[in-house]
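Residue-level listing of the chains:
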Amino acid sequence: MSEHFPAAEAARRRTFAIISHPDAGKTTLTENLLLTAGAIRLAGAVRARGEQRRTRSDWMKIERERGISVSASVMTFEHDGLMMNLLDTPGHEDFSEDTYRTLTAADAAVMVLDAAKGIEPQTLKLFEVCRLRDIPILTFINKMDREAQDPFALLDEIASKLALDPAPLFWPAGSGSRFKGIIDLKGQRFLPFSRRPNEQPHGEPLALNSNAIVQHLEPGEQEEAMEGAMLVQEASKPFDPQAFLEGHMTPVFFGSALRQFGVRELLEGLAAYAPGPGLVKVRRAGEETHIAPGDPEVSGFVFKVQANMDPNHRDRIAMVRLCSGRFTRGMRLKVQNTGRQMGVHNPMLFFAAERELAEEAFAGDVIGIPNHGVLRVGDSLSETGQVRFAGLPNFAPEILQRVRVKDPLKAKHLKKALEGLAEEGVTQLFRPVFGSDFIVGAVGPLQFEVMADRLSGEYALDVLFEPAPYAEARWLTGAKADIEDFASKHTSAMAEDIDEQAVFLAKSSWEIGYVGDRYPKVGFERTKERA
């Protein structure tokens, strides 16, 4: 039946990302969403120890050792007749560019807040990215079983710092050692909390007027919780699904991801309120237009390239977010910017590091296409090759370093490895016009650690990073003659990026201002559209 209904199949998709500050509990929440939906049977990060203590989405060695996510993974699972595509974004601020690109593939986001810390700097940064794209946001206030801020203060913070109207769908009864559960404001039920859900599962929901509530709440606690619930309903705007979809309002959930509490309610909220795939702006044959999920032509864009997910196979997988049509295995797709046609014979759906062949997929799905350098981040794919999606941005790196390989005989291998990592978007690569050392750029120092780890583990290359004599990199724009004139007078500071675009390497931001004044016809850009 599905071949006649790409629009109906697309409407069953919910593609969402999870964003948070490091340590707010994003990875644990990811795992327990999968557990709650029945996609996995054991919560490794909850109960197991040592090597087992990791979420299925954290597959890179450095991620397991540090307990952080530094690469975006995708997990597909079914829930309640819907196909859920969960995009797990890096929580660490050094990987904000990867997160930005992942959010271009998401239709909604879950913002995880630590109940004790509220909105932290990285949450704010990631929220700004969502705001740029008008992505609707659901808020999950995590770690209610630990000492927490007053829930009214947390709601005020969401309203003041994010300019979002918080609309709590649940209300907590206490926090920390006094946390007893949550009140379902819409259903007028009380959901009891158990500190040891594995031995003594959380209690069944009870009607608010039920006498059995006294088994969970003492009279004073009950009065406090009911009063808080009444106050918040009077003070907050009622939840309006339309205002949520427009990015003005966020439904608020409370719970403890570690204790698997409140996670089912969040999953049901995603199913009920998160949007399916919608219209996407594109250029077709040079004309501005839109494509709809139900359009017959298959189209999509590459938002991530992930290499060596399976160390036993030197694989290179392009993550493609589909935007229209019914994709089937074996289909031929064209890359818009190169015109190359490729048969997609082994498309994959992901369950973190595990994968299975995708016989068909629809708008909203994320498929992995194995390829060797044919596809790059930002590429647009379609059956005709005429559809172009807005390119994904590269941001000017904040740290520039020289990289050299310890064994000079491996210099050629280093070039290939660095180009591969740059194509993935792990770091940016600049080749100076003079000199043989490569310059790599990154947003934060952890990216260099990940880079060294991967060069060593995947390419058997021992490298040295040294401070570069440059502090800033800018892409040059303008008429070809103006750029060439500028470059001829600043040869020692000129480089090319992986796309052979001219880059000016400056010793300071002052220098950029100075040369910018002297060369008004040349643009010195902080961002560049990929592809």
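Here, every reference points to the structure presented above.
Quantities reported herein were computed from a predicted structural model and do not represent experimental measurements.

S.K.: Would you explain the pattern of salt bridges in this entry?
M.R.: Side-chain pairing between opposite charges can occur once the charged atoms of the two side chains come close. Tallied over the full model, the rule gives 23 salt bridges. Between Glu360 and Arg326 there is a salt bridge; the shortest N-O distance is 2.9 Å. Of this pair, Glu360 sits in strand S21 (residues 360-362) while Arg326 sits in strand S16 (residues 326-328), and the two are 34 residues apart along the sequence.

S.K.: Looking at this model, I keep getting lost on the sheet that holds strand S8 (residues 181-184). Mind explaining?
M.R.: Either a parallel or an antiparallel arrangement is found when strands of a sheet pair, and the pairing is made through backbone hydrogen bonds. Ordered in space as S7-S8-S9-S10, the four strands form an open sheet in which the pairing is antiparallel. Each of the sheet's edge strands pairs with one partner strand only, and the pair in question is strand S7 (170-173) and strand S10 (206-207). Relative to S8, S7 runs antiparallel, the two sharing four bridges. Across the sheet, Ala173 pairs through a bridge with Gly181, a residue of S8. Seen against the sheet, helix H8 (residues 219-235) touches S7 and S8 and runs at an angle of roughly 150° to S7.

S.K.: Could you clarify how one ought to interpret the nonpolar core in this entry?
M.R.: Nonpolar side chains in soluble globular proteins tend to be buried together. Counting 90 residues, the largest nonpolar core has Phe16, Leu29, Leu33 and Val110 as the members making the most contacts within it. Not counting residues within four places of it along the chain, the set of residues in contact with Leu29 comprises Val110, Val112, Phe140, Ala257, Val263 and Leu266. In this structure, Phe327, Leu375, Val377 and Leu381 belong to the second largest nonpolar core, which totals 21 residues.

S.K.: I'm lost on the side chain of His490 in this one. Help?
M.R.: Along the polypeptide, His490 turns up in the loop between helix H13 (480-489) and strand S31 (494-496). By relative accessible area, which is 16% here, His490 ends up buried. Only 3.0 Å separates the side chain of His490 from the backbone oxygen of Phe486, close enough to count as a polar contact.

S.K.: I tried to follow helix H2 (residues 26-36) on my own but got confused; where do I start?
M.R.: Within H2, eleven of the eleven residues are buried, leaving the element largely enclosed by the surrounding structure. What H2 keeps buried is the set Lys26, Thr27, Thr28, Leu29, Thr30, Glu31, Asn32, Leu33, Leu34, Leu35 and Thr36.

S.K.: When you look at the packing of H2 against helix H10 (residues 263-273) in this model, what are you seeing that I'm missing?
M.R.: When two helices pack together, their arrangement is captured by the angle between the axes and the distance separating the axes. One can describe the packing of H2 onto H10 by two numbers: an axis separation of 9 Å at closest approach and a directional angle of 80°. Taken as axis vectors, H2 and H10 run roughly perpendicular relative to one another. Note on element contacts: H10 touches H2 through Val263, Arg264, Leu266 and Leu267, opposite Leu29, Asn32, Leu33 and Thr36. Classifying every residue of the contact of H2 with H10 gives five nonpolar, two polar and one charged.

S.K.: Got a minute to help me understand the sheet that holds strand S13 (residues 287-291) in this structure?
M.R.: Judged by pairing direction, the sheet is antiparallel, and its three strands sit side by side in the order S13-S12-S24 without closing on themselves. Only two strands of the sheet have a single partner each, and these edge strands are S13 and strand S24 (387-389). For this sheet, the mean angle separating the axes of adjacent strands, direction not counted, is 45°. In terms of strand pairing, strand S12 (residues 280-284) meets S13 through five bridges, oriented antiparallel. Along S13, the bridge assignment pairs Val280 with Ile291.

Thresholds applied
- Residues numbered from 1 in each chain as written.
- Predicted model: local features only at pLDDT ≥ 70, side-chain atom pairs only at ≥ 80, totals over all residues.
- Heavy atoms only, no water.
- Salt bridge = Lys/Arg side-chain N within 4 Å of Asp/Glu carboxyl O.
- Helix = DSSP H or I, 4+ residues; strand = E, 2+ residues; numbered from the N terminus.
- Pairing = 2+ DSSP bridges.
- Contact = heavy atoms within 4.5 Å.
- Axes fitted to C-alpha atoms, helices over the stretch in contact; angles between N-to-C directions.
- Core = buried A, V, L, I, M, F, W, Y, C linked by side-chain atoms within 4.5 Å.
- Buried < 20%, exposed > 50% of the residue type's maximum accessible area, 1.4 Å probe, protein only.
- Polar contact = N/O pair within 3.5 Å; in protein donor to acceptor, adjacent residues only side chain to side chain.
- Parallel < 35°, antiparallel > 145°, perpendicular 65-115°, else oblique.
- Nonpolar A, V, L, I, M, F, W, Y, C, P; charged D, E, K, R; others polar.

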